[in-house]
Amino acid sequence: MHLDGSPELLVGRVAVIDPSGTWSYSELYKDPFGLRQLVSEGSFVALRTSSTLNVAAAVIALEGWAMRVHLIPPDVDLGIISDGSALISAFEQKQNNSEQIIGASNFATEWILYTSGTTGTPKPIRHSLASLSRTISSSKYVAELTWGMIYDPNRMAGIQVLLQSLTSLTTLVVPNPYVSLKDRIKFLRENAVTALSATPTLWRQVLQVAELQNWDLKQITLGGEISDQKILDALSEQFPAARIAHVFASTETGAAFAVTDKHAGFPISYLSEDSRGIRLEVRDNILYIFSPLVTGSPADGFVSTEDEVEIVGDRVLFRGRKSGVVNIGGSKVWPEEVERILRTHEFVADAAVLAKSNPFTGAILTAKVVATLGAPTDLEKQLRMWMKCSSPPHYVPATITVVDSLTVSQAGKVERT
Amino acid sequence: MRRLRILLIPVVVLQKLLEKEIMTNSLRKTMIDTIALLLEEELIPVPELQDSTVLLETGLDSLAFAVLVVRLEESLGYDPFTLMTEAVYPRTLSDFVSIYEQYAP
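Residues numbered from 1 in each chain as written. Chains lettered and ligands numbered in written order. Predicted model: local features only at pLDDT ≥ 70, side-chain atom pairs only at ≥ 80, totals over all residues.

Looking only at helices and strands, chain B features four helices and zero strands. Listing the helices and strands of chain B from first to last along the sequence gives α-α-α-α. Scaling as 2.2 N^0.38, a compact globule of 105 residues should have a C-alpha radius of gyration of about 13 Å, whereas chain B reaches 17 Å, well beyond that. Across the 105 residues of chain B, 16% fall into the buried class. In chain B, 62% of the contacts between residues at least 6 apart in sequence involve partners at least 24 apart. (Helix = DSSP H or I, 4+ residues; strand = E, 2+ residues; numbered from the N terminus. Rg over C-alpha atoms; globule rule 2.2 N^0.38 Å. Buried ≥ 20, exposed ≤ 12 C-beta atoms within 10 Å, placed from the backbone. Contact = placed C-beta atoms within 7 Å.)

See below:
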(Lines give C-alpha, C1' and ligand atoms only; values in the text may rest on other atoms or scores of the structure.)
Protein backbone atom coordinates (compact mmCIF):
# COMPACT_ATOMS: atom_id res chain seq x y z
CA MET A 1 0.00 0.00 0.00
CA HIS A 2 1.35 3.37 -0.96
CA LEU A 3 0.19 6.05 1.44
CA ASP A 4 0.38 9.77 1.50
CA GLY A 5 2.47 10.14 4.68
CA SER A 6 0.20 12.48 6.64
CA PRO A 7 -0.22 11.40 10.28
CA GLU A 8 -4.00 11.80 10.25
CA LEU A 9 -4.13 8.91 7.85
CA LEU A 10 -3.02 6.51 10.52
CA VAL A 11 -5.28 7.44 13.40
CA GLY A 12 -8.06 5.14 14.41
CA ARG A 13 -10.01 4.58 17.61
CA VAL A 14 -10.99 1.12 18.69
CA ALA A 15 -13.50 -0.05 21.26
CA VAL A 16 -13.47 -3.72 22.20
CA ILE A 17 -15.74 -5.92 24.28
CA ASP A 18 -14.10 -9.26 24.95
CA PRO A 19 -16.13 -12.47 25.44
CA SER A 20 -16.17 -11.97 29.22
CA GLY A 21 -17.91 -8.62 28.75
CA THR A 22 -14.97 -6.39 29.69
CA TRP A 23 -14.47 -3.45 27.45
CA SER A 24 -11.53 -1.30 26.55
CA TYR A 25 -10.55 1.57 24.27
CA SER A 26 -7.36 2.05 22.31
CA GLU A 27 -5.86 4.34 19.74
CA LEU A 28 -4.45 2.77 16.62
CA TYR A 29 -1.54 4.86 15.57
CA LYS A 30 1.87 3.44 14.81
CA ASP A 31 1.04 -0.21 14.53
CA PRO A 32 -2.42 -0.92 13.14
CA PHE A 33 -1.54 -4.58 12.65
CA GLY A 34 -1.14 -4.77 16.43
CA LEU A 35 -4.95 -5.03 16.43
CA ARG A 36 -4.63 -8.75 16.94
CA GLN A 37 -2.98 -8.09 20.34
CA LEU A 38 -5.68 -5.62 21.36
CA VAL A 39 -8.57 -7.88 20.50
CA SER A 40 -9.08 -11.26 22.08
CA GLU A 41 -10.73 -14.01 20.11
CA GLY A 42 -14.52 -13.74 19.84
CA SER A 43 -14.62 -10.05 20.77
CA PHE A 44 -16.88 -7.33 19.49
CA VAL A 45 -15.01 -4.46 17.93
CA ALA A 46 -15.91 -0.96 16.80
CA LEU A 47 -13.31 0.81 14.68
CA ARG A 48 -13.66 4.47 13.86
CA THR A 49 -11.18 5.67 11.27
CA SER A 50 -10.73 7.28 7.88
CA SER A 51 -7.53 5.34 7.33
CA THR A 52 -7.48 2.75 4.58
CA LEU A 53 -4.47 1.14 6.27
CA ASN A 54 -6.46 0.64 9.49
CA VAL A 55 -9.37 -0.93 7.65
CA ALA A 56 -6.94 -3.19 5.76
CA ALA A 57 -5.33 -4.16 9.08
CA ALA A 58 -8.76 -4.92 10.55
CA VAL A 59 -9.69 -7.16 7.61
CA ILE A 60 -6.42 -9.07 7.81
CA ALA A 61 -6.13 -9.29 11.61
CA LEU A 62 -9.76 -9.73 12.64
CA GLU A 63 -11.48 -11.89 10.02
CA GLY A 64 -12.23 -15.24 11.66
CA TRP A 65 -10.98 -13.84 14.98
CA ALA A 66 -13.39 -11.11 16.09
CA MET A 67 -17.06 -11.96 16.38
CA ARG A 68 -18.23 -8.74 14.86
CA VAL A 69 -16.52 -5.59 13.60
CA HIS A 70 -18.31 -2.27 13.17
CA LEU A 71 -16.52 -0.06 10.64
CA ILE A 72 -17.47 3.49 11.46
CA PRO A 73 -16.62 6.43 9.21
CA PRO A 74 -15.47 9.53 11.15
CA ASP A 75 -18.47 11.56 9.99
CA VAL A 76 -20.98 9.04 11.30
CA ASP A 77 -21.76 9.55 14.95
CA LEU A 78 -23.39 6.52 16.45
CA GLY A 79 -22.15 7.00 19.98
CA ILE A 80 -20.62 3.55 19.68
CA ILE A 81 -17.10 4.63 20.50
CA SER A 82 -18.15 7.16 23.11
CA ASP A 83 -20.62 5.16 25.17
CA GLY A 84 -20.23 1.64 23.92
CA SER A 85 -24.01 1.13 24.01
CA ALA A 86 -24.22 -0.45 20.58
CA LEU A 87 -21.38 -2.74 21.51
CA ILE A 88 -23.16 -3.72 24.69
CA SER A 89 -26.30 -4.56 22.80
CA ALA A 90 -24.15 -6.55 20.41
CA PHE A 91 -22.66 -8.34 23.40
CA GLU A 92 -26.10 -9.16 24.79
CA GLN A 93 -27.08 -10.61 21.46
CA LYS A 94 -24.05 -12.82 21.56
CA GLN A 95 -24.94 -14.03 25.06
CA ASN A 96 -28.28 -15.20 23.63
CA ASN A 97 -26.56 -17.11 20.86
CA SER A 98 -23.67 -18.44 22.88
CA GLU A 99 -23.36 -21.55 20.70
CA GLN A 100 -22.01 -19.32 17.93
CA ILE A 101 -18.76 -18.92 19.77
CA ILE A 102 -17.97 -22.64 19.93
CA GLY A 103 -15.26 -23.54 17.48
CA ALA A 104 -14.52 -19.87 17.20
CA SER A 105 -11.54 -20.22 14.89
CA ASN A 106 -13.86 -21.35 12.09
CA PHE A 107 -16.48 -18.68 12.22
CA ALA A 108 -16.99 -15.90 9.72
CA THR A 109 -16.65 -12.49 11.29
CA GLU A 110 -19.63 -10.19 10.85
CA TRP A 111 -18.66 -6.90 9.25
CA ILE A 112 -21.07 -4.06 9.92
CA LEU A 113 -20.96 -1.20 7.44
CA TYR A 114 -22.97 1.97 7.75
CA THR A 115 -24.85 3.51 4.82
CA SER A 116 -24.02 7.08 3.91
CA GLY A 117 -27.12 8.30 5.71
CA THR A 118 -28.26 10.78 3.07
CA THR A 119 -31.80 9.97 4.13
CA GLY A 120 -31.40 10.39 7.88
CA THR A 121 -29.82 8.09 10.41
CA PRO A 122 -27.06 5.82 9.11
CA LYS A 123 -28.30 2.28 8.70
CA PRO A 124 -26.10 -0.66 9.72
CA ILE A 125 -25.72 -3.31 7.04
CA ARG A 126 -24.39 -6.71 8.08
CA HIS A 127 -21.89 -8.38 5.78
CA SER A 128 -19.50 -11.27 5.75
CA LEU A 129 -16.13 -11.16 4.03
CA ALA A 130 -17.74 -13.37 1.36
CA SER A 131 -20.53 -10.89 0.67
CA LEU A 132 -18.05 -8.00 0.58
CA SER A 133 -15.85 -9.86 -1.88
CA ARG A 134 -18.59 -10.86 -4.29
CA THR A 135 -17.57 -8.43 -7.02
CA ILE A 136 -13.83 -9.01 -6.66
CA SER A 137 -12.36 -10.04 -9.98
CA SER A 138 -9.62 -12.61 -10.35
CA SER A 139 -8.94 -11.84 -14.00
CA LYS A 140 -5.38 -11.31 -15.20
CA TYR A 141 -6.38 -7.89 -16.56
CA VAL A 142 -7.52 -6.69 -13.14
CA ALA A 143 -4.50 -8.23 -11.39
CA GLU A 144 -2.19 -5.98 -13.37
CA LEU A 145 -3.90 -2.73 -12.42
CA THR A 146 -2.71 -0.27 -9.78
CA TRP A 147 -5.76 1.00 -7.95
CA GLY A 148 -6.17 4.41 -6.44
CA MET A 149 -8.41 5.03 -3.45
CA ILE A 150 -10.54 8.14 -3.27
CA TYR A 151 -13.45 6.47 -1.53
CA ASP A 152 -13.99 6.28 2.20
CA PRO A 153 -12.50 2.86 3.13
CA ASN A 154 -15.36 2.10 5.54
CA ARG A 155 -18.07 2.08 2.94
CA MET A 156 -19.08 -0.58 0.47
CA ALA A 157 -17.45 1.07 -2.56
CA GLY A 158 -14.18 1.74 -0.72
CA ILE A 159 -13.98 -1.72 0.79
CA GLN A 160 -14.42 -3.22 -2.67
CA VAL A 161 -11.40 -1.31 -3.95
CA LEU A 162 -9.38 -2.31 -0.88
CA LEU A 163 -10.33 -5.99 -1.11
CA GLN A 164 -9.67 -6.01 -4.85
CA SER A 165 -6.12 -4.85 -4.39
CA LEU A 166 -5.53 -7.08 -1.34
CA THR A 167 -6.80 -10.07 -3.33
CA SER A 168 -4.76 -9.38 -6.44
CA LEU A 169 -1.70 -8.41 -4.32
CA THR A 170 -1.22 -5.15 -6.19
CA THR A 171 -0.25 -1.73 -4.92
CA LEU A 172 -3.07 0.40 -3.58
CA VAL A 173 -2.35 4.13 -3.71
CA VAL A 174 -4.07 6.04 -0.93
CA PRO A 175 -3.96 9.84 -0.93
CA ASN A 176 -4.62 11.90 2.17
CA PRO A 177 -8.43 12.06 2.32
CA TYR A 178 -8.28 15.51 3.88
CA VAL A 179 -6.65 17.34 0.96
CA SER A 180 -8.47 18.72 -2.09
CA LEU A 181 -9.64 16.42 -4.84
CA LYS A 182 -7.18 18.09 -7.19
CA ASP A 183 -4.26 17.19 -4.91
CA ARG A 184 -5.55 13.67 -4.35
CA ILE A 185 -5.68 13.11 -8.11
CA LYS A 186 -2.17 14.57 -8.44
CA PHE A 187 -0.93 12.07 -5.83
CA LEU A 188 -2.60 9.18 -7.67
CA ARG A 189 -1.01 10.21 -10.97
CA GLU A 190 2.44 10.64 -9.47
CA ASN A 191 2.20 7.12 -8.10
CA ALA A 192 1.26 5.59 -11.43
CA VAL A 193 -2.33 4.66 -10.66
CA THR A 194 -3.97 2.95 -13.63
CA ALA A 195 -7.39 2.15 -12.17
CA LEU A 196 -9.81 4.35 -10.28
CA SER A 197 -13.33 3.89 -8.99
CA ALA A 198 -15.51 6.87 -8.07
CA THR A 199 -19.08 8.13 -8.15
CA PRO A 200 -20.29 10.04 -11.24
CA THR A 201 -20.36 13.18 -9.04
CA LEU A 202 -16.67 12.72 -8.15
CA TRP A 203 -15.74 11.93 -11.76
CA ARG A 204 -17.40 15.17 -12.91
CA GLN A 205 -15.31 17.04 -10.36
CA VAL A 206 -12.16 15.19 -11.43
CA LEU A 207 -12.78 16.27 -15.03
CA GLN A 208 -13.28 19.84 -13.89
CA VAL A 209 -10.43 20.40 -11.46
CA ALA A 210 -7.63 17.96 -12.14
CA GLU A 211 -4.69 17.94 -14.56
CA LEU A 212 -5.43 14.88 -16.63
CA GLN A 213 -3.28 15.13 -19.76
CA ASN A 214 -1.37 11.97 -20.57
CA TRP A 215 -2.64 10.08 -17.55
CA ASP A 216 -2.58 6.48 -18.63
CA LEU A 217 -5.75 5.30 -16.90
CA LYS A 218 -6.68 1.79 -18.01
CA GLN A 219 -9.74 1.16 -15.87
CA ILE A 220 -12.45 3.65 -14.91
CA THR A 221 -15.26 2.50 -12.66
CA LEU A 222 -18.37 4.50 -11.84
CA GLY A 223 -20.81 3.52 -9.13
CA GLY A 224 -23.07 4.63 -6.31
CA GLU A 225 -25.15 6.96 -8.46
CA ILE A 226 -26.75 6.90 -11.89
CA SER A 227 -24.14 7.25 -14.66
CA ASP A 228 -25.57 9.43 -17.40
CA GLN A 229 -24.47 9.44 -21.03
CA LYS A 230 -22.75 12.79 -20.71
CA ILE A 231 -20.26 11.64 -18.06
CA LEU A 232 -19.57 8.38 -19.93
CA ASP A 233 -18.91 10.38 -23.13
CA ALA A 234 -16.72 12.92 -21.32
CA LEU A 235 -14.63 10.17 -19.71
CA SER A 236 -14.20 8.22 -22.92
CA GLU A 237 -13.12 11.38 -24.69
CA GLN A 238 -10.58 12.21 -21.96
CA PHE A 239 -9.35 8.61 -21.60
CA PRO A 240 -9.91 6.98 -25.03
CA ALA A 241 -7.88 3.89 -24.14
CA ALA A 242 -9.57 3.17 -20.81
CA ARG A 243 -12.09 0.46 -20.15
CA ILE A 244 -15.09 2.22 -18.62
CA ALA A 245 -17.42 0.26 -16.39
CA HIS A 246 -20.48 1.68 -14.73
CA VAL A 247 -21.63 -0.49 -11.92
CA PHE A 248 -25.12 -1.08 -10.66
CA ALA A 249 -25.11 -2.34 -7.09
CA SER A 250 -28.20 -2.93 -5.01
CA THR A 251 -27.89 -2.59 -1.24
CA GLU A 252 -31.21 -4.38 -0.80
CA THR A 253 -30.06 -7.57 -2.50
CA GLY A 254 -26.26 -7.28 -2.41
CA ALA A 255 -26.24 -7.98 -6.15
CA ALA A 256 -24.06 -6.03 -8.56
CA PHE A 257 -23.26 -5.97 -12.25
CA ALA A 258 -21.12 -3.81 -14.50
CA VAL A 259 -21.87 -2.39 -17.94
CA THR A 260 -18.83 -1.72 -20.14
CA ASP A 261 -20.26 -0.60 -23.48
CA LYS A 262 -19.99 3.12 -22.58
CA HIS A 263 -23.73 3.60 -22.89
CA ALA A 264 -26.00 4.73 -20.05
CA GLY A 265 -28.28 2.15 -18.47
CA PHE A 266 -27.99 -1.49 -19.57
CA PRO A 267 -29.03 -3.46 -22.66
CA ILE A 268 -32.60 -4.72 -22.62
CA SER A 269 -31.19 -8.17 -23.39
CA TYR A 270 -30.04 -8.42 -19.74
CA LEU A 271 -33.71 -8.85 -18.86
CA SER A 272 -34.07 -12.03 -20.85
CA GLU A 273 -30.71 -13.76 -20.35
CA ASP A 274 -29.11 -14.71 -17.08
CA SER A 275 -25.68 -15.44 -18.46
CA ARG A 276 -24.24 -12.78 -16.15
CA GLY A 277 -25.24 -14.82 -13.13
CA ILE A 278 -27.96 -12.33 -12.35
CA ARG A 279 -31.65 -12.43 -13.23
CA LEU A 280 -33.45 -9.14 -13.70
CA GLU A 281 -37.05 -8.14 -14.29
CA VAL A 282 -38.89 -4.84 -14.69
CA ARG A 283 -42.29 -4.65 -13.01
CA ASP A 284 -44.28 -1.39 -12.92
CA ASN A 285 -41.10 0.48 -13.87
CA ILE A 286 -39.20 -0.93 -10.89
CA LEU A 287 -36.12 -3.11 -11.35
CA TYR A 288 -36.31 -6.48 -9.58
CA ILE A 289 -33.39 -8.86 -8.99
CA PHE A 290 -33.73 -12.59 -8.45
CA SER A 291 -32.24 -13.13 -5.01
CA PRO A 292 -34.20 -15.83 -3.18
CA LEU A 293 -31.75 -15.87 -0.27
CA VAL A 294 -32.52 -12.31 0.86
CA THR A 295 -34.54 -12.26 4.08
CA GLY A 296 -38.22 -11.70 3.36
CA SER A 297 -37.92 -12.29 -0.39
CA PRO A 298 -41.23 -13.19 -2.03
CA ALA A 299 -42.12 -16.72 -3.19
CA ASP A 300 -40.85 -16.14 -6.74
CA GLY A 301 -37.51 -14.88 -5.39
CA PHE A 302 -37.58 -11.49 -7.14
CA VAL A 303 -36.70 -8.63 -4.79
CA SER A 304 -37.33 -4.96 -5.58
CA THR A 305 -34.22 -2.80 -5.94
CA GLU A 306 -36.39 0.29 -5.27
CA ASP A 307 -34.88 1.79 -8.43
CA GLU A 308 -37.22 3.26 -11.04
CA VAL A 309 -36.29 2.44 -14.62
CA GLU A 310 -37.60 3.25 -18.06
CA ILE A 311 -37.16 1.20 -21.21
CA VAL A 312 -36.07 3.43 -24.09
CA GLY A 313 -35.35 1.59 -27.34
CA ASP A 314 -33.03 -1.28 -26.51
CA ARG A 315 -31.79 0.15 -23.19
CA VAL A 316 -33.05 0.06 -19.64
CA LEU A 317 -32.34 3.50 -18.15
CA PHE A 318 -32.32 4.42 -14.45
CA ARG A 319 -34.60 7.27 -13.48
CA GLY A 320 -34.08 7.56 -9.73
CA ARG A 321 -34.86 6.04 -6.38
CA LYS A 322 -38.50 5.11 -5.80
CA SER A 323 -38.31 6.77 -2.37
CA GLY A 324 -36.96 9.99 -3.89
CA VAL A 325 -39.84 10.61 -6.27
CA VAL A 326 -41.43 14.05 -5.88
CA ASN A 327 -45.11 14.71 -6.46
CA ILE A 328 -45.67 18.19 -7.88
CA GLY A 329 -49.32 19.07 -8.19
CA GLY A 330 -50.12 15.44 -9.00
CA SER A 331 -47.27 14.86 -11.47
CA LYS A 332 -44.31 12.67 -10.57
CA VAL A 333 -40.70 13.64 -11.12
CA TRP A 334 -37.34 12.26 -9.99
CA PRO A 335 -34.75 14.84 -8.90
CA GLU A 336 -32.09 12.62 -10.54
CA GLU A 337 -33.89 12.94 -13.88
CA VAL A 338 -33.99 16.75 -13.74
CA GLU A 339 -30.31 16.74 -12.76
CA ARG A 340 -29.58 14.58 -15.81
CA ILE A 341 -31.47 16.99 -18.09
CA LEU A 342 -29.69 20.04 -16.63
CA ARG A 343 -26.32 18.33 -17.18
CA THR A 344 -27.05 17.95 -20.88
CA HIS A 345 -26.84 21.76 -21.18
CA GLU A 346 -23.51 22.89 -22.65
CA PHE A 347 -22.71 25.26 -19.77
CA VAL A 348 -23.64 22.93 -16.90
CA ALA A 349 -20.87 20.82 -15.35
CA ASP A 350 -23.06 19.32 -12.64
CA ALA A 351 -26.41 19.83 -10.95
CA ALA A 352 -28.22 18.98 -7.72
CA VAL A 353 -32.00 19.14 -7.59
CA LEU A 354 -33.89 19.27 -4.33
CA ALA A 355 -37.55 19.14 -3.41
CA LYS A 356 -39.17 21.68 -1.14
CA SER A 357 -42.64 21.42 0.30
CA ASN A 358 -45.06 23.96 -1.07
CA PRO A 359 -48.62 24.97 -0.14
CA PHE A 360 -49.86 25.20 -3.73
CA THR A 361 -48.44 22.09 -5.38
CA GLY A 362 -47.39 19.92 -2.44
CA ALA A 363 -43.77 20.20 -3.50
CA ILE A 364 -41.58 22.13 -5.90
CA LEU A 365 -38.03 21.67 -7.15
CA THR A 366 -35.08 24.00 -6.78
CA ALA A 367 -31.71 23.45 -8.42
CA LYS A 368 -28.07 24.22 -7.81
CA VAL A 369 -25.77 24.06 -10.81
CA VAL A 370 -22.04 24.26 -11.30
CA ALA A 371 -21.26 26.25 -14.44
CA THR A 372 -18.57 25.33 -16.94
CA LEU A 373 -15.88 27.79 -18.04
CA GLY A 374 -17.24 30.41 -20.40
CA ALA A 375 -20.82 30.21 -19.12
CA PRO A 376 -22.86 33.39 -19.65
CA THR A 377 -23.54 35.58 -16.61
CA ASP A 378 -27.29 35.14 -16.89
CA LEU A 379 -27.01 31.35 -16.98
CA GLU A 380 -29.66 30.93 -14.26
CA LYS A 381 -32.29 32.71 -16.34
CA GLN A 382 -31.22 31.01 -19.59
CA LEU A 383 -31.42 27.59 -17.97
CA ARG A 384 -34.94 28.16 -16.75
CA MET A 385 -36.09 29.27 -20.20
CA TRP A 386 -34.29 26.32 -21.76
CA MET A 387 -35.89 23.87 -19.31
CA LYS A 388 -39.30 25.43 -19.96
CA CYS A 389 -38.95 24.87 -23.69
CA SER A 390 -37.64 21.32 -23.43
CA SER A 391 -39.35 19.68 -20.42
CA PRO A 392 -42.78 19.25 -18.83
CA PRO A 393 -43.72 22.28 -16.66
CA HIS A 394 -43.33 20.45 -13.32
CA TYR A 395 -39.72 19.52 -14.22
CA VAL A 396 -38.68 23.18 -14.27
CA PRO A 397 -37.07 24.19 -10.96
CA ALA A 398 -38.58 27.26 -9.30
CA THR A 399 -35.11 28.67 -8.84
CA ILE A 400 -31.81 27.71 -10.41
CA THR A 401 -28.77 28.95 -8.54
CA VAL A 402 -25.21 28.83 -9.84
CA VAL A 403 -22.82 27.63 -7.12
CA ASP A 404 -19.05 27.04 -7.04
CA SER A 405 -19.39 23.42 -6.01
CA LEU A 406 -22.05 20.94 -4.92
CA THR A 407 -22.14 19.42 -1.46
CA VAL A 408 -20.76 15.90 -1.66
CA SER A 409 -21.18 13.28 1.07
CA GLN A 410 -18.33 11.18 2.47
CA ALA A 411 -19.54 8.45 0.16
CA GLY A 412 -18.88 10.75 -2.80
CA LYS A 413 -22.54 11.21 -3.66
CA VAL A 414 -24.24 14.53 -4.28
CA GLU A 415 -26.25 15.71 -1.27
CA ARG A 416 -29.74 16.91 -2.07
CA THR A 417 -30.09 19.29 0.86
CA MET B 1 -43.41 69.21 30.26
CA ARG B 2 -46.70 67.35 30.47
CA ARG B 3 -47.95 69.00 27.32
CA LEU B 4 -44.82 67.90 25.46
CA ARG B 5 -45.38 64.30 26.44
CA ILE B 6 -48.95 64.41 25.18
CA LEU B 7 -47.66 65.74 21.93
CA LEU B 8 -45.04 63.01 21.71
CA ILE B 9 -47.48 60.14 21.70
CA PRO B 10 -49.13 60.92 18.36
CA VAL B 11 -45.69 61.46 16.82
CA VAL B 12 -44.61 57.95 17.86
CA VAL B 13 -47.86 56.47 16.59
CA LEU B 14 -47.49 58.36 13.36
CA GLN B 15 -43.94 57.14 13.00
CA LYS B 16 -45.02 53.53 13.56
CA LEU B 17 -47.79 53.90 11.00
CA LEU B 18 -45.36 55.39 8.56
CA GLU B 19 -42.87 52.58 9.10
CA LYS B 20 -45.61 50.05 8.53
CA GLU B 21 -46.66 51.86 5.41
CA ILE B 22 -43.10 51.88 4.10
CA MET B 23 -42.69 48.21 4.89
CA THR B 24 -45.95 47.30 3.19
CA ASN B 25 -45.01 49.36 0.19
CA SER B 26 -41.63 47.79 -0.25
CA LEU B 27 -43.10 44.34 0.37
CA ARG B 28 -45.80 45.08 -2.15
CA LYS B 29 -43.24 46.27 -4.65
CA THR B 30 -41.08 43.16 -4.22
CA MET B 31 -44.14 40.99 -4.72
CA ILE B 32 -45.37 42.86 -7.77
CA ASP B 33 -41.91 42.76 -9.34
CA THR B 34 -41.60 39.04 -8.68
CA ILE B 35 -45.04 38.34 -10.16
CA ALA B 36 -44.29 40.50 -13.19
CA LEU B 37 -41.00 38.70 -13.83
CA LEU B 38 -42.72 35.35 -13.53
CA LEU B 39 -45.44 36.38 -16.00
CA GLU B 40 -42.77 37.62 -18.40
CA GLU B 41 -41.00 34.27 -18.18
CA GLU B 42 -44.29 32.55 -18.96
CA LEU B 43 -44.65 34.90 -21.95
CA ILE B 44 -47.92 36.22 -20.50
CA PRO B 45 -48.63 39.95 -20.97
CA VAL B 46 -48.21 41.65 -17.58
CA PRO B 47 -51.42 43.43 -16.52
CA GLU B 48 -51.50 46.38 -14.16
CA LEU B 49 -51.30 44.76 -10.76
CA GLN B 50 -53.68 46.39 -8.30
CA ASP B 51 -54.81 45.45 -4.80
CA SER B 52 -58.04 44.01 -6.19
CA THR B 53 -56.33 42.01 -8.96
CA VAL B 54 -57.34 38.35 -8.71
CA LEU B 55 -54.04 36.53 -9.03
CA LEU B 56 -55.31 33.41 -10.76
CA GLU B 57 -56.87 35.64 -13.43
CA THR B 58 -53.49 37.10 -14.38
CA GLY B 59 -52.54 33.77 -15.87
CA LEU B 60 -50.59 32.40 -12.91
CA ASP B 61 -51.46 28.74 -12.35
CA SER B 62 -50.81 26.76 -9.18
CA LEU B 63 -47.36 25.78 -10.39
CA ALA B 64 -46.52 29.45 -10.94
CA PHE B 65 -47.84 30.22 -7.45
CA ALA B 66 -45.49 27.58 -6.08
CA VAL B 67 -42.59 29.17 -7.93
CA LEU B 68 -43.62 32.61 -6.67
CA VAL B 69 -43.54 31.47 -3.03
CA VAL B 70 -40.06 29.96 -3.45
CA ARG B 71 -38.70 33.11 -5.08
CA LEU B 72 -40.24 35.38 -2.49
CA GLU B 73 -38.65 33.24 0.20
CA GLU B 74 -35.29 33.81 -1.47
CA SER B 75 -35.70 37.59 -1.61
CA LEU B 76 -37.57 38.12 1.67
CA GLY B 77 -36.05 35.36 3.74
CA TYR B 78 -39.27 33.70 4.89
CA ASP B 79 -42.17 31.60 3.63
CA PRO B 80 -45.36 32.53 5.50
CA PHE B 81 -47.15 29.40 4.27
CA THR B 82 -44.81 27.13 6.19
CA LEU B 83 -45.39 29.25 9.30
CA MET B 84 -49.20 29.02 9.11
CA THR B 85 -51.11 26.50 11.13
CA GLU B 86 -54.04 26.33 8.71
CA ALA B 87 -54.10 26.54 4.94
CA VAL B 88 -54.94 29.96 3.52
CA TYR B 89 -55.24 30.56 -0.20
CA PRO B 90 -54.96 34.24 -1.15
CA ARG B 91 -57.26 35.42 -3.92
CA THR B 92 -56.28 38.99 -4.60
CA LEU B 93 -52.97 40.77 -4.60
CA SER B 94 -53.85 42.55 -1.36
CA ASP B 95 -54.71 39.18 0.29
CA PHE B 96 -51.34 37.93 -0.78
CA VAL B 97 -49.47 41.00 0.48
CA SER B 98 -51.25 40.94 3.81
CA ILE B 99 -50.24 37.33 4.42
CA TYR B 100 -46.59 38.25 3.94
CA GLU B 101 -47.07 41.35 6.07
CA GLN B 102 -48.62 39.35 8.88
CA TYR B 103 -45.76 36.85 9.03
CA ALA B 104 -42.91 39.29 8.47
CA PRO B 105 -40.14 38.49 10.93
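As a further point, take the sheet that holds strand 16 (residues 286–290) of chain A. All names here are of chain A. Spatial ordering of the open sheet is given by 14-18-17-16-15, a layout of five strands whose pairing is antiparallel. With partners counted over all chains shown, the strands left at the sheet margins are strand 14 (266–267) and strand 15 (280–283), one partner each. In this structure, strand 14 lies alongside strand 18 (residues 315–321), joined through two bridges in antiparallel fashion. From the neighbouring strand, Phe-266 faces strand 18, where its bridge partner is Val-316. (Pairing = 2+ DSSP bridges.)

With that settled, consider the confidence of the model for chain A. Residue and element names in this part refer to chain A. Summing up the model confidence of chain A, the mean pLDDT is 85 and the portion of residues at 70 or higher is 88%. Here residues 80–85 scores under 50 on pLDDT; set against residues more than four positions off or in separate chains, the count is 13 contacts. This model gives residues 95–105 a pLDDT under 50, and the stretch forms seven contacts once residues within four places in sequence are excluded. (pLDDT = per-residue confidence, 0-100.)

Time to look at the interface of chain B and chain A. Interface size is commonly expressed as the accessible area that is lost once the parts come together. Counting residues at the interface gives 12 residues for chain B, matched by 13 residues for chain A. Examining the composition of the side of chain B that touches chain A, we find that nine residues originate from one element, helix 2 (residues 62–76) of chain B, more than from any other. Partitioning the side of chain B that touches chain A into residue classes produces eight nonpolar, one polar and three charged. (Nonpolar A, V, L, I, M, F, W, Y, C, P; charged D, E, K, R; others polar.)

Turning next to the pairing of strand 17 (residues 302–312) of chain A. Residue and element names in this part refer to chain A. Here strand 16 pairs with strand 17 via four bridges, running antiparallel. Bridge pairing links Ile-286 to Glu-308 in strand 17. Bridge analysis of strand 17 against strand 18 gives six bridges, and the strand direction is antiparallel. From the neighbouring strand, Asp-307 faces strand 18, where its bridge partner is Arg-321. Here strand 17 folds back onto strand 18, and the loop between the two strands holds two residues, one of which, Gly-313, carries a positive phi near 60°.

All names here are of chain A. Put simply, helix 9 (residues 200–209) and helix 10 (residues 229–238) touch, their axes get as near as 11 Å, and they point 45° apart. In this view, helix 9 runs oblique relative to helix 10, as classed from their interaxial angle. Pair helix 9 / helix 10 crosses with left-handed handedness. When helix 9 is examined against helix 10, the residues Pro-200, Trp-203, Arg-204 and Leu-207 are found in contact with a partner set consisting of Ile-231, Ala-234, Leu-235 and Gln-238. Residues of the contact of helix 9 with helix 10, tallied by class, amount to six nonpolar, one polar and one charged. (Axes fitted to C-alpha atoms, helices over the stretch in contact; angles between N-to-C directions. Parallel < 35°, antiparallel > 145°, perpendicular 65-115°, else oblique. Left-handed = near helix turned anticlockwise from the far one by under 90°.)

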